[in-house]
Structures are given as C-alpha cells and as structure tokens.
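# Structure at a glance
In case you want the letters, here they are:
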Amino acid sequence: MRKVLITGFEPFGVSEVNSSWETAVRVGQLAPKGVCVETLLLPVSFVRAGKMIREALKEKRPDVLVMLGQRGKGESIDIERIAINMMDASSPDNDGYHPQEQTIVDGGEAAYFSNFPVKTLRDALLHKGIPARVSNSAGLYVCNSTYYNALNEIYEQGLPTKALFIHLPIISEDFPIEMLTDAILAIIETIRH
Ligand code: PCA
C-alpha cells in the first residue's frame, strides 16, 4: 500500500466543526513514513459529494480510500460494513436537497460490502483501548450515499482501490481529537501490514 486518500466532511446541522475533517487533517500531517496520505474535504451534499468521490477515485487512483464522517454523540468508532442504495434524509443536506426514499443509482445493486476485513480493523482499535465496533448501517444520509457511490465506482469499474467508511463521534472529553487521530493512524498501520 502506497497511496491513501482520506476524506472528511464539512460541518452540517448545528455543529460548527466536523470531527471527520478535523481528524483527516491531523492524520494527513502525521502520516507514517513510506505512506503517501492525501486528504479531501467533501461537501455535505448528496449530489456533489457523490460526484467528487467518483472523480477522486478515477483521478487519484488511491490504493486505499478511508472515508470519515461524524455520527452525533456516538459511543464508539464505527467501522461501516455496508453501504445501501437508498437516500432518506430527516433534514435537508447543505444544498437544501431533502430526498425521501430515493435510490442513489437507479437499477444499481441494493447494497455493497466494504472490500476490507472490517473485524480485523475493529480488533486493532480495541487492542489499543479505543472503543470501536463494526456497524451494519451508515444511515441513509450523505455518508451512506458517498460510501455507496465510492463502492459502486470501484466494483463497476473494476478499480483496485480498497475502500472503507468510518463514522466518528463528535469531539468530546471521552473522544478527544487525539484519540480519533490515533484511531485512524492505527487503521492505516493495520492496513499496511
Ligand atoms: N455525517 C453525516 C453526513 C456528513 C457527516 O459527517 C452522515 O452521517 O451522513
């Protein structure tokens, strides 16, 4: 593994920062030697984030894509196993788009699994004392839709990229930015070996 692309999202809703982008920036600065880490900020927009992730996969051709998103007051770092072909938003995205039970790709697969061994990555975090779990739903908002777009591009185009989505809790006393950063660095180290 040589080239890693890490994405994070801009703030949305009532949050002024998004833990996913804060973490991506720090991971980019602390990348282990021998690994080229690039970061990409995604808009909280179903349409624009989907297009951007597809373009990034085509243009940058990363070996590994780790997408980060923020999940409210989560109690763990959630390694997402699956992306599903459905958008059903409880509030509009940052473009004011508010899809209700719409497919992301008409006629596309109902769902895709990550092509990473998610339990191995969870265990690597637990081993470091970081609360982590495998999650079977990334929700039906922009994170799930970005994950689905990425996996659809990879599987349909036969790209060699390995891709994973991780939901992070908001930054708090229980989950300081240092812990979130360490978690993603540990994921990169595990993927590497
Ligand atoms: N979390 C949202 C979208 C952007 C983010 O950081 C989600 O879980 O879909």
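Preceding block: the structure.
Read on for a plain summary of the structure. If you're wondering where the values come from, they're calculated on a predicted model, not measured in any experiment.

### Some details on the nonpolar core
With 58 residues, the main nonpolar core has Ile6, Leu125, Leu164 and Ile166 as its most contacted residues. No other element matches the eight residues that helix 5 (residues 177-192) contributes to this core. The contact partners of isoleucine 166, leaving out residues within four places of it in the chain, are Val66, Met67, Leu68, Gly69, Ile77, Asp78, Ile184 and Ile187.

### Overview of the site of the ligand
Every residue lining the ligand is accounted for by Phe9, Phe12, Asn18, Val44, Gly69, Gln70, Tyr141, Val142, Cys143 and His167. Residue asparagine 18 places a side-chain N or O atom 2.9 Å away from an oxygen atom belonging to the ligand. The fraction of the free accessible surface of the ligand (260 Å²) that becomes covered by protein chains is 94%. For the shell around the ligand, the secondary-structure elements that each account for two or more residues are strand 3 (64-70) and helix 4 (142-157). By residue class, the composition of the shell around the ligand is six nonpolar, four polar and no charged.

### Quick look at the sheet that holds strand 8 (residues 162-168)
Strand order in the open sheet formed by six strands is 2-1-3-8-4-7, and the pairing between neighbours is mixed. Bordering the open sheet on either side are strand 2 (36-42) and strand 7 (132-135), each of which pairs with just one other strand. Going from strand to strand, the sheet's axes swing by 25° on average, the running direction of each strand aside. Of the strand pairs in this sheet, strand 1 (residues 3-9) and strand 3 are connected by four bridges, and their pairing is parallel. If you follow isoleucine 6 over to strand 3, its bridge partner there is valine 66. Strands in contact with helix 3 (residues 118-127) are strand 4 (77-80), strand 7 and strand 8; relative to strand 7, the strand with the most contacts, it is inclined by about 165°.

### Topic: the environment of proline 131
You can see proline 131 is positioned in the loop between helix 3 and strand 7. As a C-alpha pair, proline 131 and phenylalanine 175 span 44 residues in sequence and 9.3 Å in three-dimensional space. Proline 131 has contacts with Glu75, Ser76, Ile77, Leu126, Phe175 and Met179, leaving out every residue within four places of it along the chain.

### Quick notes on the pattern of salt bridges
The final tally for this structure, using the stated rule, is ten salt bridges. Ionic pairing is found between arginine 2 and aspartate 63, a salt bridge with its closest N-O pair at 3.3 Å. You can see arginine 2 sitting in the segment before strand 1 and its partner aspartate 63 sitting in the loop between helix 2 (46-60) and strand 3, a full 61 residues away along the chain. Looking at arginine 2, the relative accessible area reads 53%, which means it is exposed. With relative accessibility at 25%, the residue aspartate 63 sits in the partly exposed group. Residues arginine 54 and glutamate 153 are paired through a salt bridge, measuring 2.8 Å at the closest nitrogen-oxygen approach. In this pair, arginine 54 is assigned in helix 2 and glutamate 153 in helix 4, connecting sequence segments 99 residues apart. A relative accessible area of 18% means that arginine 54 is categorised as buried.

So, how was this worked out
- Residues numbered from 1 in each chain as written.
- Predicted model: local features only at pLDDT ≥ 70, side-chain atom pairs only at ≥ 80, totals over all residues.
- Heavy atoms only, no water.
- Core = buried A, V, L, I, M, F, W, Y, C linked by side-chain atoms within 4.5 Å.
- Buried < 20%, exposed > 50% of the residue type's maximum accessible area, 1.4 Å probe, protein only.
- Helix = DSSP H or I, 4+ residues; strand = E, 2+ residues; numbered from the N terminus.
- Contact = heavy atoms within 4.5 Å.
- Near = heavy atom within 4 Å.
- Polar contact = N/O pair within 3.5 Å; in protein donor to acceptor, adjacent residues only side chain to side chain.
- Areas by Shrake-Rupley, 256 points an atom, 1.4 Å probe, with all protein chains shown as cover.
- Nonpolar A, V, L, I, M, F, W, Y, C, P; charged D, E, K, R; others polar.
- Pairing = 2+ DSSP bridges.
- Axes fitted to C-alpha atoms, helices over the stretch in contact; angles between N-to-C directions.
- Salt bridge = Lys/Arg side-chain N within 4 Å of Asp/Glu carboxyl O.

Fair warning: the whole summary comes from geometry, so function is off the table for now.
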